[in-house]
Amino acid sequence: MLVLGIETSCDETAVAIVEDGQRIRANLVYSQADLHGRYGGVVPEAASRDHLRKIPALAQEALAAAKASWADIDVVGVTYGPGLIGPLLVGVSYAAGVALARGLPLVGVNHLAAHLFALRLSEPPVEPPFLGLIVSGGHTLLVAVPRWGEYQVVGGTRDDAAGEALDKFGRLVGLPYPAGPHIDALAQEGDPTRIPFPRPMLESGLDMSFAGLKTAAIYWLREHPGAPLSDLCASFLEAVVEVLVEKTLRAARRFQFNRIVVAGGVAANRRLRQVFPPRAAERGMTVFFPPPALCTDNAANVAACAHQRYTVLGRSEPLSLAPDANLPLHQWV
Ligand code: KG4
Ligand code: ZN
């Protein structure tokens, strides 16, 4: 079964073709980072128009890369939330158009669930039960996953997402948007213990807060102009990583999971990938990360998720499927 996946929830136009829910035949991602870079963040209206401009050609390219034709596609899967409403509308309209033209089932996918499906595309695949940390530019949440399709959100950020905190901090110190990958690289050269940034809400509970960390960075920078950028990045990243690791381990213990998965753009971070496994091992837990290319937004995740929703849960949507900018994860079962 070939599933065409479509993802346009933010600033990546992505089309993928996945065979039988696990074998990636094509996975194309066109990033709009250059378009939004000069504004320091995503401009929703510009993103919508750029998705519209790019998506038909990208779908043709995906078919060519998969050595497939439109007639070979069995199911169309598309992200319908959460995300930016204009960009979502472009992807959903395009997907519904394809489904209508080809007489195919249309399967709506929750973007957060799709991030978890990166684990199903990993080698070897990682299957539930597990405790998931979804950590991206838009979201940071802890979710108990007893099986695919069943999600219980057990914690997460009360304010900024971890990726958002990194991007805002990066802007503060003059890094291009999105700053996460630049902070990742600079931190490799820096001293993570140099600046004692706070670890907000570390001691208790499963909630997180990253907005205060950014404020602390603003004050510190004011009092210490000229601090080396690599040390700044390493120290800021260390605070974020420590909060993520500690909260996730606490959630895993509380809900009795010994397997943890990390997904979303920030899961590509090298420091997080380095620090987390030994910390989990100390507590008898194992942590899994998808390959970096499947951490950031892509449509292979969407296709894998759609495959499961269609074949296992027997779900598909009417062609009138409406995007939902605030689609919660627990609603998707
Ligand atoms: O999952 P994603 O591609 O899009 C959303 O759903 O938000 O995540 C993007 C976020 C951005 O905040 C970006 O700075 C961050 O992930 N990111 C990273 C790295 N790669 C992407 N943060 C830290 N280290 C990285 N290597
Ligand atoms: Zn995402």
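Source: prediction; values computed, not measured.

On to the overall build of the protein chain. Within the protein chain one finds 11 helices and 11 strands. Expected size for 333 residues packed as a compact globule is a radius of gyration near 20 Å; at 20 Å, the protein chain falls within 12% of this value. Each principal axis of the C-alpha atoms in the protein chain carries an extent, and together these give about 60 × 45 × 30 Å. Pairs at least 24 apart in sequence give 72% of the contacts found in the protein chain among residues at least 6 apart. Carbon and sulfur atoms make up 53% of the accessible area of the protein chain, which amounts to about 13,300 Å² in all. When the 29 basic and 32 acidic side-chain charges of the protein chain are each reduced to a single mean position, those positions are 2 Å apart.

Contact geometry of helix H5 (residues 162–172) with helix H8 (residues 229–254) gives a least axis separation of 11 Å together with a crossing angle of 170 degrees. One element, H5, and the other, H8, form an angle in the roughly antiparallel class. With respect to the hand of their crossing, H5 and H8 are arranged in right-handed fashion. Only Leu 232, Cys 233, Phe 236, Leu 237, Val 240 and Leu 244 of H8 make contact with H5, whose side of the interface consists of Ala 162, Ala 165, Leu 166 and Phe 169. Across the contact of H5 with H8, the residue classes tally to 10 nonpolar, no polar and no charged.

A few words on the coordination of the zinc ion (ligand 2). Protein coordination of the zinc ion (ligand 2) is provided by His 111 (NE2), His 115 (NE2) and Asp 297 (OD), with donor distances spanning 2.0 to 2.1 Å. Seen from the zinc ion (ligand 2), its 4 donor atoms lie at angles of 95 to 142 degrees, and the figure they make is irregular. Within one chain, the residues serving as donors to the zinc ion (ligand 2) are arranged as H-x3-H-x181-D. You can see His 111 and its partner His 115 sitting in helix H4 (residues 111–116), 4 residues apart, about one turn around the helix. The exposure classification of His 111 matches that of His 115, with both residues buried.

Before going further, it helps to spend a moment on the pattern of salt bridges. The tally for this structure, following the rule as stated, stands at 17 salt bridges. The partner of Glu 45 in a salt bridge is Arg 49, and the shortest N-O contact between them spans 3.5 Å. In this pair, Glu 45 and Arg 49 both sit in helix H2 (residues 44–65), 4 residues apart, roughly one turn of the helix. Residue classification places Arg 49 among the exposed residues on the basis of a relative accessible area of 54%. Across the pair Asp 160 and Lys 214 runs a salt bridge whose closest N-O atoms are separated by 3.8 Å. Here Asp 160 is found in the loop between strand E8 (150–157) and H5, whereas its partner Lys 214 is found in helix H7 (residues 211–223), with 54 residues between them in sequence.

Turning our eyes to something else, we now look at the site of ligand 1. Within the structure, ligand 1 sits among 20 residues, and Gly 137, Asp 167, Asp 184, Asn 269 and Asp 297 are positioned closest to it. A distance of 3.0 Å separates a nitrogen atom of ligand 1 from a polar side-chain atom of Asn 269. Backbone polar atom of Asp 297 to an oxygen atom of ligand 1: 2.9 Å apart, as the coordinates give it. A total of 550 Å² of accessible area belongs to ligand 1 in isolation, and the protein chains cover 90% of it. For the shell around ligand 1, the secondary-structure elements that each account for two or more residues are H4, H5 and helix H6 (180–187).

As a further point, take the nonpolar core. Phe 197, Phe 210, Leu 244, Val 262 and Phe 276 are the most contacted members of the largest nonpolar core, which totals 52 residues. Listing elements by their share of this core, those giving two or more residues are strand E6 (130–135), strand E7 (140–147), H5, H6, H7, H8, strand E10 (259–263) and helix H9 (270–282). Setting aside chain neighbours within four positions, we find Phe 276 in contact with Leu 133, Val 245, Thr 248, Leu 249, Ile 260, Val 262, Val 287 and Phe 289.

Two elements in contact, H7 and H8, have axes whose closest approach is 11 Å; the angle formed by their N-to-C orientations is 155 degrees. Classified by the angle between their axes, H7 and H8 sit roughly antiparallel to one another. Where H7 crosses over H8, the two elements pack in a sense that is right-handed. Touching Leu 213, Lys 214, Ala 217, Trp 220 and Leu 221 of H7 are Leu 232, Phe 236, Ala 239 and Val 240, all from H8. When grouped by side-chain class, the residues that make up the contact of H7 with H8 number 8 nonpolar, no polar and 1 charged.

Reading the values: rules and limits
Residues numbered from 1 in each chain as written. Chains lettered and ligands numbered in written order. Predicted model: local features only at pLDDT ≥ 70, side-chain atom pairs only at ≥ 80, totals over all residues. Heavy atoms only, no water. Helix = DSSP H or I, 4+ residues; strand = E, 2+ residues; numbered from the N terminus. Rg over C-alpha atoms; globule rule 2.2 N^0.38 Å. Contact = heavy atoms within 4.5 Å. Areas by Shrake-Rupley, 256 points an atom, 1.4 Å probe, with all protein chains shown as cover. Lys, Arg positive; Asp, Glu negative; His and termini not counted. Charge placed at Lys NZ, Arg CZ, Asp CG, Glu CD. Axes fitted to C-alpha atoms, helices over the stretch in contact; angles between N-to-C directions. Parallel < 35°, antiparallel > 145°, perpendicular 65-115°, else oblique. Left-handed = near helix turned anticlockwise from the far one by under 90°. Nonpolar A, V, L, I, M, F, W, Y, C, P; charged D, E, K, R; others polar. Donors = N, O, S within 2.8 Å, 3.2 Å for Na, K, Ca; no water. Tetrahedral: all angles 85-135°; square planar, octahedral: opposite > 155°, others 65-115°. Buried < 20%, exposed > 50% of the residue type's maximum accessible area, 1.4 Å probe, protein only. Salt bridge = Lys/Arg side-chain N within 4 Å of Asp/Glu carboxyl O. Near = heavy atom within 4 Å. Polar contact = N/O pair within 3.5 Å; in protein donor to acceptor, adjacent residues only side chain to side chain. Core = buried A, V, L, I, M, F, W, Y, C linked by side-chain atoms within 4.5 Å.

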